[in-house]
Amino acid sequence: MSQQKAFLDHVIEGLRQKPKKISSLYFYDTKGSRIFQEIMNMPEYYLPELEKALLIKEAESIAAHFKEEPVTVIELGAGDGSKTRILLESLSVSSRNVTYVPLDIDKDVLEENKQATVKAIPGVQVKIIAGNYFETLSKAAGMEGKKLLLFMGSNLGNFDENRTRDFLKMIYDHLDGGDYFLLAVDLKKDPKKIAKAYDDPHGITAKFNLNLLARMNRELEGDFRLDQFEHYATYNPLSGLAQSFLVSKKRQKVQIAGQFIEFEAGEVIHTENSRKYALPEIKQLLENEGFLINPSDIFEQEGYGLVLAGK
Ligand code: AVI
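All values reported here derive from a predicted model rather than from experimental measurement.

Definitions and limits used
- Residues numbered from 1 in each chain as written.
- Predicted model: local features only at pLDDT ≥ 70, side-chain atom pairs only at ≥ 80, totals over all residues.
- Heavy atoms only, no water.
- Domains from an automatic or database assignment.
- Contact = heavy atoms within 4.5 Å.
- Buried area = accessible area lost by both parts, 1.4 Å probe.
- Salt bridge = Lys/Arg side-chain N within 4 Å of Asp/Glu carboxyl O.
- Near = heavy atom within 4 Å.
- Polar contact = N/O pair within 3.5 Å; in protein donor to acceptor, adjacent residues only side chain to side chain.
- Areas by Shrake-Rupley, 256 points an atom, 1.4 Å probe, with all protein chains shown as cover.
- Helix = DSSP H or I, 4+ residues; strand = E, 2+ residues; numbered from the N terminus.
- Buried < 20%, exposed > 50% of the residue type's maximum accessible area, 1.4 Å probe, protein only.
- Lys, Arg positive; Asp, Glu negative; His and termini not counted.
- Axes fitted to C-alpha atoms, helices over the stretch in contact; angles between N-to-C directions.
- Parallel < 35°, antiparallel > 145°, perpendicular 65-115°, else oblique.
- Left-handed = near helix turned anticlockwise from the far one by under 90°.
- Nonpolar A, V, L, I, M, F, W, Y, C, P; charged D, E, K, R; others polar.
- Core = buried A, V, L, I, M, F, W, Y, C linked by side-chain atoms within 4.5 Å.

**Student:** Mind laying out the domain arrangement of the protein, listing which residues take part and the relevant values?
**Tutor:** Structurally, the protein comprises domain 1 (3-44 + 192-275) and domain 2 (47-187 + 277-310). Centre-to-centre separation of domain 1 and domain 2, based on C-alpha positions: 29 Å. Residue-level contacts link nine residues of domain 1 with nine residues of domain 2. Summed over both sides, the interface between domain 1 and domain 2 buries roughly 840 Å², with carbon and sulfur atoms accounting for 45% of that surface. For the pair domain 1 and domain 2, the interface holds one salt bridge.

This is how it looks when you write it as structure tokens:
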């Protein structure tokens, strides 16, 4: 099935459900990825900064698990790898031989990542693999040496409960005894701070969410009127769930590839979950799949967490 057809089928199925929903995976076309970069650079979206600070603080403790032996660092959804280089630097001091295998959908961003990494840390070998998680992880996991698999950016928070379980199981199955998995997660904290990160005053997150409608117009011959929908984000401090929606401002009918979808005034499309965790919850999720976690391998600072889980 072509990607376009899969997108259309997904959209029609999701918009015929009650409540209407579309997976946040579809945010990331070229335009959406560019807007996501804007989000990453805005002060309200605190996640990248906290992650970087925690990596700087803990890189040596993490690297100490790989003393004097070759290590293959595999990163899922690696992007430009700018923060990962903090860890690679420490590893290249403590380990003899470091191979970095960044995995991402976007081949161009991987090429940039490779060039920047080789330039910054000349001793590190870089092997890029472009494609989706499932295909690329099998290739990468077959490589030699002790493995350290990274899943950063609190990307886990975008998965629903079943997908989280399946994903962690898949990671576990691709590792061998003695390998490690490093997971970065955003934690429950001041609800106002979280709410603002997903509903910023510049309107960048709104633009990111509304781009989903624009993408349907571009790729699926949709006729959504962007000015007739608005971004709405909530955060529930009890469940830890930040959720984004697109709200129809009026009763309207929209056409997508010849099919009609009706909206009531105020009706929503649920477009994203960004779950925030407590560290014991994350520990439990990982242990449920068989990972072993030493209490000294759980790192936290200012409501952001890193967990180094062993197999
Ligand atoms: C990619 N992901 C971890 C982001 C998040 O925080 O859930 C996506 C995002 N959505 C709105 N702002 C950022």
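**Student:** Before we move on, could you go through the site of the ligand and cite the residues and values that matter?
**Tutor:** The full set close to the ligand counts 13 residues, and Tyr45, Asn158, Tyr198, Glu272 and Ser274 are the nearest of them. Within the contact set of the ligand, an oxygen atom lies 2.4 Å away from a side-chain nitrogen or oxygen of Tyr45. For the ligand, a nitrogen atom lies 2.7 Å from a polar atom in the side chain of Glu272. Burial of the ligand by the protein amounts to 97% of the accessible area it has alone, namely 340 Å². Of all the elements in the fold, those that place two or more residues in the shell around the ligand are helix 2 (30-41), helix 9 (204-220) and strand 12 (268-275).

**Student:** Explain the environment of Ser92 residue by residue, including any values.
**Tutor:** Tracing the backbone shows Ser92 in helix 4 (residues 84-94). A sequence separation of 32 residues divides Ser92 from Val124, and the C-alpha atoms of the two residues are 7.0 Å apart. For Ser92, the contacting residues outside a window of four places in its chain are Val98, Ile121 and Val124. Reaching out from Ser92, the side chain makes a polar contact with the backbone oxygen of Glu89 at a distance of 2.9 Å.

**Student:** Let's hear about the side chain of Glu75: which residues, and what values?
**Tutor:** In this structure, Glu75 sits in strand 2 (residues 71-76). We note that Glu75 is buried and unpaired, the nearest opposite charge coming from Lys83 at a distance of 7.3 Å. Glu75 has contacts with Gly81, Thr84, Tyr100, Val101, Pro102, Leu103, Leu150 and Met152, leaving out every residue within four places of it along the chain.

**Student:** Describe in detail the packing of helix 3 (residues 47-63) against helix 4, supporting the description with residues and values.
**Tutor:** Interhelical geometry of helix 3 versus helix 4 gives an angle of 20° and a closest axis separation of 8 Å. Classified by the interaxial angle, the pair formed by helix 3 and helix 4 is roughly parallel. Classified by chirality, the crossing of helix 4 by helix 3 is right-handed. The segment helix 3 lies against helix 4, with Lys52, Leu55, Ile56, Ala59, Glu60, Ile62 and Ala63 engaging Ile86, Leu87, Ser90, Leu91 and Ser94. Looking at the contact of helix 3 with helix 4 residue by residue, the class counts come to eight nonpolar, two polar and two charged.

**Student:** Could you give an account of the packing of helix 4 against helix 5 (residues 107-120), with specific residues and numbers?
**Tutor:** Contact geometry of helix 4 with helix 5 gives a least axis separation of 11 Å together with a crossing angle of 35°. With respect to the hand of their crossing, helix 4 and helix 5 are arranged in right-handed fashion. Listed contacts from helix 5 to Arg85, Leu88 and Glu89 of helix 4 are Asn113, Ala116, Thr117 and Ala120. Residues of the contact of helix 4 with helix 5, tallied by class, amount to three nonpolar, two polar and two charged.

**Student:** Could you give me a rundown of the nonpolar core, with the residues and numbers involved?
**Tutor:** Core analysis: the biggest nonpolar cluster contains 65 residues, and Leu148 and Ile256 have the highest contact counts within it. Both domain 1 (3-44 + 192-275) and domain 2 (47-187 + 277-310) contribute no fewer than three residues apiece to this core. In this structure, Leu168, Phe181, Leu183 and Phe291 belong to the second largest nonpolar core, which totals 28 residues.

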